[in-house]
Amino acid sequence: MTSSETHRITELGTLKAIAHPLRTRLYRALFVARTATASQLADQVDEAVSLVSYHLRKLADGGLIEEAETQSADGRERWWQPSSYGFRIDEADVKDAPELAAVSAAFGRTLSEQRAEMHARFLDERLTWSEAWRSASISSEWLPRLTAAELAALGAELEAVLQKHDQAARAAEAAGDTEGRENVALHLHGFPYRP
């Protein structure tokens, strides 16, 4: 069963496993689906099942996903699930390890590109969504002047709010409240910059 904890990535092999762009997409798709087979995920990412199976095994080797209970009657398909409630990479774990820092930076760029693609797709397809979903979507930019400690506190507070809403939604869905429920991508970035 998926752990309710967030997996802290400290090993180079695990970081390399998730840093691959296709594996990042597969992990995201599996996190949304909660459980899936390689065939189901291959359809979502438009790749061959054999390639997806290979990359799922790499994610499993890194401890990011694990086998799930079989959901089909014949038991021939291998089902997967995330091994934890997400993961994180802490600056403290990479700052004195140049190779970890390099892979972490590459992974960050991959995430940024994929997030931008997701948002661009929504913008291109926004008129296919109902007025309620278009009105509910969020796109804003704030430019506060903060200290590093204030930014860290803000991040922790935002994460707690997001986790509260995600867990409530998961519980409601598990109880059968599925009407009008859609996958939602929420990307927050907070970083210093110089104009």
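Just above sits the structure.
Per-chain numbering applies: the sequence of each chain, read as written, is numbered from 1 onward. With the structure being a predicted model, the display of local features is reserved for residues of pLDDT at least 70 and the display and counting of side-chain atom pairs for 80 or more, all residues being used for whole-chain, interface and lining totals. Values reported for side chains reflect all heavy atoms of the structure, with hydrogen atoms and water molecules removed beforehand.

Caption draft 1: Just the overall build of the protein chain, in detail. When you go through the protein chain residue by residue, the secondary structure sums to 8 helices and 5 strands. We count a stretch as a helix when DSSP gives it H or I for four or more residues in a row; a strand needs E for two or more, and each element gets its number in order from the N terminus. The order of helices and strands in the protein chain, counted from the N terminus, is β-α-α-β-α-α-β-β-β-α-α-α-α. In the protein chain, which comprises 195 residues, the share counted as buried stands at 22%. When charges are tallied, Lys and Arg are placed among the positive residues and Asp and Glu among the negative ones, while His and the ends of the chain are skipped. Taken as the charge centre is NZ of Lys, CZ of Arg, CG of Asp or CD of Glu, depending on the residue. Averaging the locations of the 22 positively and 30 negatively charged side chains of the protein chain gives two centres separated by 4 Å. Only protein chains enter the accessibility calculation, which uses a 1.4 Å probe; a residue whose area is less than 20% of its type maximum is buried, one above 50% is exposed, and one in between is partly exposed.

Caption draft 2: Fine view of the sheet that holds strand β2 (residues 36–37). If you trace the 3 strands from one edge of the open sheet to the other, you get β2-β4-β3, paired in antiparallel fashion. Only two strands of the sheet have a single neighbouring strand rather than two, namely β2 and β3 (65–67). Two strands pair when backbone bridges link them, and β3 and strand β4 (residues 79–82) are joined in this way by 3 bridges, in the antiparallel orientation. Across the sheet, the residue bridging to E67 is W80, located in β4. DSSP bridges decide pairing: two strands pair if at least two such bridges lie between them.

Caption draft 3: Just the packing of helix α1 (residues 12–19) against helix α2 (residues 21–33), in detail. Under this scheme, a helix contributes an axis fitted over its contacting stretch, all axes are lines through C-alpha atoms, and angles between N-to-C directions fall in the 0 to 180 degree range. In the contact formed by α1 and α2, the axes pass within 5 Å of each other and the chain directions differ by 85°. By the angle between their directions, the pair α1 and α2 is classed as roughly perpendicular. Residue-level contacts link K16, A17, I18 and A19 of α1 to P21, R23, T24 and Y27 of α2. All residues other than Ala, Val, Leu, Ile, Met, Phe, Trp, Tyr, Cys, Pro, Asp, Glu, Lys and Arg, Gly among them, are scored as polar; the first ten of these are nonpolar and the last four charged. Looking at the contact of α1 with α2 residue by residue, the classes come out as 5 nonpolar, 1 polar and 2 charged. In these notes the angle categories are as follows: under 35 degrees is roughly parallel, over 145 is roughly antiparallel, 65 to 115 is roughly perpendicular, and the rest is oblique. Note on definitions: a residue-residue contact is assigned when non-hydrogen atoms from the two residues lie within 4.5 Å.

Caption draft 4: Seen up close, the side chain of R23. Locating R23 in the fold gives a position in helix α2. Here R23 is buried and forms no salt bridge, its nearest opposite-charge partner D61 lying at an N-O distance of 8.5 Å. For this analysis, a polar contact is any N or O atom pair within 3.5 Å, provided that within protein one partner can donate a hydrogen and the other can accept it, and provided that sequence-adjacent residues contribute only side-chain to side-chain pairs. Side chain to side chain, R23 and H55 meet in a polar contact 2.8 Å long. The residues contacting R23, other than those within four sequence positions of it, are K16, A17, I18, Y54, H55, K58 and L59. Salt bridges, as used here, are contacts in which a Lys or Arg side-chain nitrogen is within 4 Å of a carboxyl oxygen on Asp or Glu.

Caption draft 5: Main features of a nonpolar patch on the surface. Side chains of I138, L146, L154, L158, L162, V184, L186 and L188 sit close together on the surface and give an oily, nonpolar patch of about 710 Å² of accessible area. Take L146: it is sitting in the loop between α7 (131–136) and α8 (148–174). Since its relative accessible area comes to 41%, L146 is described here as partly exposed. Patches were defined on residues exceeding 30% relative accessible area and lacking a salt bridge, with like-charge contacts within 9 Å and nonpolar side-chain contacts (Val, Leu, Ile, Met, Phe, Trp, Tyr) within 5 Å. Values of accessible area rely on a 1.4 Å probe in the Shrake-Rupley scheme; residue burial ignores everything except the protein chains shown.

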